[in-house]
Amino acid sequence: SELRAGLVYDTRDSEASPSRGMWAEGHLIAAPKWLGTSSPYYKFCLNWRHYVPIYRDRLTFAYRLVYQGFFNNDAPWYIMPYYTVTGPQFDRDGVGGFRTLRGIMLCRIQGLQTAFFNTELRWRFLDFRLLRQNISLCASGFFEGGQVVKPYELG
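Computed from a prediction, not measured in an experiment: that's the story for all the values here.

Caption draft 1: Region of interest: the pattern of salt bridges. With the rule as written, the count across this model stands at five salt bridges. Its salt-bridge partner being arginine 12, residue aspartate 10 comes within 2.8 Å of it at the nearest N-O pair. By relative accessible area, aspartate 10 is classed as partly exposed at 39%. With its nearest N and O atoms 3.4 Å apart, the salt bridge here joins arginine 122 to glutamate 120. Looking at glutamate 120, the relative accessible area reads 14%, which means it is buried. Among the ionic contacts, a cluster of salt bridges with common partners joins Arg58, Arg124 and Asp127.

Below, the structure written as structure tokens:
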């Protein structure tokens, strides 16, 4: 069992494919002993996403910075792989997931404190309507990275 509290500030112009605005979130997770856990831990996550229009709504620079970690040094090993985010896709996020670092296996960057970033240049080059549906064709180039800031000591 754990308790979770957080704040989200969202100014994106579109939830599905934003071209301007930002999404900032921060939250805390507490799993104290009095809730019944055998290994108490206290965790935090800070997430900043920013969408910068370069040319109208056709060319957008998007980036995300994430810092996550534990307040105590004795967090249980089995909680390390879980990245905590808010929103409807909460179970699909994590370093190496299809929404984060591409090219590495899911949740392979693990430590007491971790950081990662994503940068992406998005170009929406064609918009049309087909069968009463709005359709856009896009291309994107990206650069990403992650780092263990404070390692987990196994011994």
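Once the structure has been displayed, the description carries forward.
Caption draft 2: Structural view of the sheet that holds strand β1 (residues 3-10). What the six strands build is an open sheet, ordered β1-β2-β3-β4-β5-β6; its pairing is antiparallel. Every other strand in the sheet has two partners, leaving β1 and β6 (133-150) as the edge strands with one partner each. The sheet shows a mean angle of 10° between the axes of neighbouring strands, direction not considered.

Caption draft 3: Structural view of unusual backbone geometry. Even without glycine at this site, arginine 56 takes up a positive phi of about 50°. You can call arginine 56 exposed: its relative accessible area is 62%. Despite not being glycine, arginine 132 shows a phi value in the positive range, around 60°. Within the secondary structure, arginine 132 is located in the loop between β5 (113-130) and β6. Take arginine 132: its relative accessible area is 72%, and that puts it in the exposed class.

Caption draft 4: Fine view of the nonpolar core. Within the largest apolar cluster, eight residues are counted, these being Ile29, Ala31, Tyr41, Phe70, Ala75, Ile79, Met80 and Leu112. Beyond its immediate sequence surroundings of up to four residues, alanine 31 is in contact with Ser1, Glu2, Thr37, Pro40, Tyr41 and Tyr42. Grouped together as the second largest cluster of nonpolar side chains are five residues, Cys45, Tyr83, Ile109 and Phe116 included.

Basis of the calculations
Residues numbered from 1 in each chain as written. Predicted model: local features only at pLDDT ≥ 70, side-chain atom pairs only at ≥ 80, totals over all residues. Heavy atoms only, no water. Salt bridge = Lys/Arg side-chain N within 4 Å of Asp/Glu carboxyl O. Buried < 20%, exposed > 50% of the residue type's maximum accessible area, 1.4 Å probe, protein only. Pairing = 2+ DSSP bridges. Helix = DSSP H or I, 4+ residues; strand = E, 2+ residues; numbered from the N terminus. Axes fitted to C-alpha atoms, helices over the stretch in contact; angles between N-to-C directions. Core = buried A, V, L, I, M, F, W, Y, C linked by side-chain atoms within 4.5 Å. Contact = heavy atoms within 4.5 Å.

Treat this as a map of the structure, not an account of what it does.
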